[in-house]
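Below are the chains, spelled out letter by letter.
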Amino acid sequence: QVQLVESGGGSVQAGGSLRLSCAASGINFKVHPMDWYRRGPGNQRELVAGITREGSTNYTDSVKGRFSISRDWRNNAVYLQMNSLRPEDSAVYYCAVPYRGRTYWGRGTQVTVSS
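None of the values given here were measured: they were computed from a predicted structure.

Chemist: Any chance you could explain the packing of aromatic side chains here in plain terms?
Modeler: This model, assessed by the stated rule, comprises three aromatic pairs. Taken together, a centroid distance of 6.5 Å and an interplanar angle of 85° make the contact between Y94 and W105 edge-to-face. Taken together, the residues span a long stretch of sequence, with Y94 in strand β9 (residues 91–99) and W105 in strand β10 (residues 102–105) at a distance of 11 residues. For Y94, a relative accessible area of 18% corresponds to the buried category. Assessed through its relative accessible area of 31%, W105 is described here as partly exposed. On the basis of an interplanar angle of 55° and a centroid distance of 6.2 Å, the ring pair of Y99 and Y104 is categorised as tilted.

Chemist: What should I look at first to understand the side chain of R71 in this one?
Modeler: Relative to the helices and strands, R71 is located in strand β7 (residues 67–72). No salt bridge forms around the buried R71; measuring N to O, its nearest opposite-charge neighbour E54 is 7.2 Å away. Polar contacts involving the side chain of R71 include one to the main-chain carbonyl oxygen of T52, which spans 2.7 Å. Engagement of the side chain of R71 in a polar contact is seen with the backbone oxygen of R53, the distance being 3.2 Å. Setting aside residues no more than four positions away along its own chain, R71 makes contact with F29, H32, I51, T52, R53, E54, G55, A77 and V78.

Chemist: Before we go on, may I ask you to explain the state of the cysteines in this structure?
Modeler: Defined simply, a disulfide is a covalent bond joining two cysteines at their sulfur atoms. This model, assessed by the stated rule, comprises one disulfide. Across the disulfide from C22 sits C95; the S-S distance is 2.0 Å. An S-S torsion of about 60° defines the bridge between C22 and C95 as right-handed. In this pair, C22 sits in strand β3 (residues 18–25) while C95 sits in strand β9, placing the two residues 73 residues apart along the sequence. The residues C22 and C95 share a single accessibility class, namely buried.

Chemist: Please clarify how the pairing of β7 should be interpreted in this entry.
Modeler: Look at any regular strand and the pattern is simple: side chains alternate between the two faces of the sheet. Judged from the six bridges that link them, β7 and strand β8 (residues 77–82) form a sheet pairing that is antiparallel. When the sheet's bridge partners are listed, D72 is paired in β8 with A77. From the end of β7 to the start of β8, which pair antiparallel, there are four residues, and N76 there has a positive phi angle of about 50°.

Calculation notes
- Residues numbered from 1 in each chain as written.
- Predicted model: local features only at pLDDT ≥ 70, side-chain atom pairs only at ≥ 80, totals over all residues.
- Heavy atoms only, no water.
- Phe/Tyr/Trp six-rings, centres within 6.5 Å; stacked < 30°, edge-to-face > 60°.
- Helix = DSSP H or I, 4+ residues; strand = E, 2+ residues; numbered from the N terminus.
- Buried < 20%, exposed > 50% of the residue type's maximum accessible area, 1.4 Å probe, protein only.
- Lys, Arg positive; Asp, Glu negative; His and termini not counted.
- Salt bridge = Lys/Arg side-chain N within 4 Å of Asp/Glu carboxyl O.
- Polar contact = N/O pair within 3.5 Å; in protein donor to acceptor, adjacent residues only side chain to side chain.
- Contact = heavy atoms within 4.5 Å.
- Disulfide = S-S within 2.5 Å.
- Pairing = 2+ DSSP bridges.

The structure is reproduced here in structure tokens:
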């Protein structure tokens with residue numbers, strides 16, 4: 001059974017940094033792409049960053065140059081380093097993986113950025 005567990009969220013002031021982690025079980029990150037999404041208050045879920053199994057990364061325009069996604073195969077984890085945080089980055093952040101015809105989601109971790 002695939003399980004994803006996010007951690008690392010919290011409250012920071014604008015300009016601060018956080019590092020989110022996504023620990024996986026039941027799946028090998030080496031052969032699957034991984035994504036980070038977020039959902040802000042009243043907003044739709046938004047794809048923030050993704051990493052392919054080859055290691056290529058992509059980001060939504062609003063986080064380019066500030067966020068960085070990475071993968072640790074040894075620990076079967078994916079990370080999202082978030083720098084220069086802005087109030088509009090406040091959201092619940094989720095990791096997700098497509099696997100055998102469906103997408104698995106974690107429960108999310110809250111990020112709150114105050115001005």
